Amino acid sequence: MNLFHRNILVQAFKLPLWGQAADEVAPQWLVRRLQSGELKVNSLGGLTMSSAWGVQSCAAGDVILLTEDDSIQFAKPEEFDKFEPVTELQIAA
């Protein structure tokens, strides 16, 4: 049996492509991780980080995800675009 842990997405930020400005100001959680060295800008114009599963990287134009447990994940724009924003949370009975 495979077990999967689903993280709840708190916020997302799309990295700009080379030579382009970002659509929005980078969030503080992203800026703090860049300042601390937890995330580093790589040669692809994306970010690189060390994790329990090894080194993970993304490229310019990818989406950086912050989850409820304060962890960072990377996603391709086409993967991220499949999801709809939640406008109202439903409480389980």
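Above this text is the structure in question.
This is a predicted model, so every value here is computed, not measured.

1. Quick notes on the pattern of salt bridges
- For the structure shown, the criterion picks out three salt bridges.
- Among the ionic pairs, E38 bridges to R33, the shortest N-O distance being 3.3 Å.
- Residue class for E38 comes out partly exposed when judged on its relative accessible area of 41%.
- Classification of R33 as buried rests on a relative accessible area of 8%.
- Salt-bridge contacts for D70 lead to R33; the nearest nitrogen and oxygen are separated by 3.1 Å. With a gap of 37 residues between them, D70 in the loop between β5 (63–67) and β6 (72–75) and R33 in helix α1 (residues 28–36) connect regions that are remote in the sequence.
- Judged by its relative accessible area of 48%, D70 is partly exposed.
- Within the structure, one salt-bridge network assembled from shared partners comprises R33, E38 and D70.

What counts and what doesn't
- Residues numbered from 1 in each chain as written.
- Predicted model: local features only at pLDDT ≥ 70, side-chain atom pairs only at ≥ 80, totals over all residues.
- Heavy atoms only, no water.
- Salt bridge = Lys/Arg side-chain N within 4 Å of Asp/Glu carboxyl O.
- Buried < 20%, exposed > 50% of the residue type's maximum accessible area, 1.4 Å probe, protein only.
- Helix = DSSP H or I, 4+ residues; strand = E, 2+ residues; numbered from the N terminus.

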